[in-house]
Amino acid sequence: MATLVPGRPTPIRTVPAGIPRPEYVGKAAPSPYQGPDVQTDETIEKMRIAGRIAAGSMAEAAKHVAPGVTTDELDRVAHEYILDHGAYPSCLGYRGFPKTVCTSINEVICHGIPDTTRLEDGDIVNIDVTVFINGVHGDTDATYLVGDVDEESSLLVERTREALHRGIKAARAGRQINVIGRVIESYAKRFGYGVVRDFTGHGINSSFHSGLIIPHYDDPRAVTVMEPGMTFTIEPMLTLGTHEYEMWDDGWTVVTKDGRRTAQFEHTIVITDSGAEILTLP
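Residues numbered from 1 in each chain as written. Predicted model: local features only at pLDDT ≥ 70, side-chain atom pairs only at ≥ 80, totals over all residues. Heavy atoms only, no water.

Caption draft 1: Region of the structure containing the overall build of the protein chain. On a plain count of helices and strands, the protein chain comes out with four helices and 15 strands. Scaling as 2.2 N^0.38, a compact globule of 282 residues should have a C-alpha radius of gyration of about 19 Å, and the protein chain matches this with 18 Å. By its C-alpha atoms, the protein chain is 50 × 45 × 30 Å across when sized along the principal axes. Here the protein chain, with 282 residues, has 55% of them falling under the buried criterion. Taking the intrachain contacts of the protein chain between residues at least 6 apart in sequence as the baseline, contacts between residues at least 24 apart amount to 72%. When the accessible area of the protein chain is evaluated, it comes to approximately 11,900 Å², of which 50% is carbon and sulfur surface. Averaging the coordinates of the 26 positive side-chain charges in the protein chain and doing the same for the 39 negative ones gives two points 3 Å apart. (Helix = DSSP H or I, 4+ residues; strand = E, 2+ residues; numbered from the N terminus. Rg over C-alpha atoms; globule rule 2.2 N^0.38 Å. Buried < 20%, exposed > 50% of the residue type's maximum accessible area, 1.4 Å probe, protein only. Contact = heavy atoms within 4.5 Å. Areas by Shrake-Rupley, 256 points an atom, 1.4 Å probe, with all protein chains shown as cover. Lys, Arg positive; Asp, Glu negative; His and termini not counted. Charge placed at Lys NZ, Arg CZ, Asp CG, Glu CD.)

The structure is reproduced here in structure tokens:
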């Protein structure tokens, strides 16, 4: 399989002035989050709305996944959906990121920048969407098959989706966060997959990344106990080979060091009294 190379950058999309922005837009970095990990019922309800819009935007973009379509076109579709629902695309302007969504093809682990690159038959592509509305964020992603995809890649995608749902099922009040990564890593090891360690799930609420870290491997440092009302993402990235990575010169695009394929799935969840609720459903 050919190694992916960057396409040409495309213009930054605009957002009407009447749509509220996150505080970090126009700044080098967001202000540190000072709030709690446990959110109020009101904040959680607002996050359900943000999550539904994010999920809808991703699904709309995914309808256009096909050989010959550019990643910039996927970005356009997602962008217009988000604006039509009165929301702001959280990635746009986050630490200088220039696009609405991340589009990560084949060996790109995460943070691929939409550009003139055209999807090819047999590719896999991850679309990562976060939206900001009513003062909170909702974050989700999924990996899609482009045309006729080989069995090894198809199974990687299917099993990464399963790893996410196993991680969500393991998330329960009273348990330490490391149980999530333990379950995901145990499942991935059955198939000899690598589990990316340096890019993790994260706390999310009024802050895009609150500082709470959710590893996808069994990290003995992740001893925070989950409580009802905690909101965070689970977003495992599994690889056919090594979990080690390199970064392109754009400062964003993260690729597997061995050039082998990788897949990712993500939901934003809230811990409940009986388990976990997914907030990023259409």
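Past the structure itself, the notes keep going.
Caption draft 2: Focus on the pattern of salt bridges. Inspection of every chain in the model, using the stated rule, returns 17 salt bridges. The residue Asp75 makes a salt bridge to Arg13 at a minimum N-O spacing of 2.7 Å. You can see Asp75 sitting in helix H2 (residues 71–84) and its partner Arg13 sitting in the segment before helix H1 (41–62), a full 62 residues away along the chain. Arg13 sits in the buried class, given a relative accessible area of 19%. Between Arg76 and Glu73 there is a salt bridge, with the nearest N and O atoms lying 2.6 Å from each other. One end of the pair is Arg76 and the other is Glu73, both in helix H2 and three residues apart, which spans about a single turn. Salt bridges sharing common partners tie together Arg13, Asp72, Asp75 and Lys99. (Salt bridge = Lys/Arg side-chain N within 4 Å of Asp/Glu carboxyl O.)

Caption draft 3: Representation of the sheet that holds strand E13 (residues 262–264) within the structure. Taken together, the three strands give an open sheet; going across it, the order is E6-E10-E13, and neighbouring strands pair in antiparallel fashion. Looking at the sheet topology across the chains shown, the edges are occupied by strand E6 (194–195) and E13. When E6 meets strand E10 (residues 237–239), the two strands line up antiparallel, connected through two bridges. Residue pairing across strands places Gly194 opposite Thr239, the latter belonging to E10. (Pairing = 2+ DSSP bridges.)

Caption draft 4: Representation of the packing of aromatic side chains within the structure. Within the structure shown, the criterion is met by seven aromatic pairs. Judged by centre distance (5.0 Å) and plane angle (85°), the ring pair of Phe97 and Trp252 falls under edge-to-face. Taken together, the positions of Phe97 in the loop between strand E1 (88–89) and strand E2 (102–105) and Trp252 in the loop between strand E11 (245–247) and strand E12 (254–256) put the pair 155 residues apart, joining distant regions of the chain. Ring geometry for Phe199 and Tyr245: centres 5.1 Å apart, planes at 70°, overall edge-to-face. Linking Phe199 in the loop between E6 and strand E7 (201–202) with Tyr245 in strand E11, this pair joins segments that are 46 residues apart in sequence. The ring of Tyr217 is capped by Arg197, whose NZ or CZ atom sits 3.8 Å from the centre of that ring. (Phe/Tyr/Trp six-rings, centres within 6.5 Å; stacked < 30°, edge-to-face > 60°. Lys NZ or Arg CZ within 6 Å of the ring centre and 35° of its normal.)

Caption draft 5: Geometry of the side chain of Thr233. As for its position among the elements, Thr233 is in strand E9 (residues 231–234). Looking at Thr233, the relative accessible area reads 0%, which means it is buried. A distance of 2.7 Å separates a polar atom in the side chain of Thr233 from a polar atom in the side chain of Glu235. Every residue in contact with Thr233, bar those within four places of it in the chain, is listed here: Asp139, Gly201, His202, Ile204, Ile214, Glu266, His267 and Thr268. (Polar contact = N/O pair within 3.5 Å; in protein donor to acceptor, adjacent residues only side chain to side chain.)

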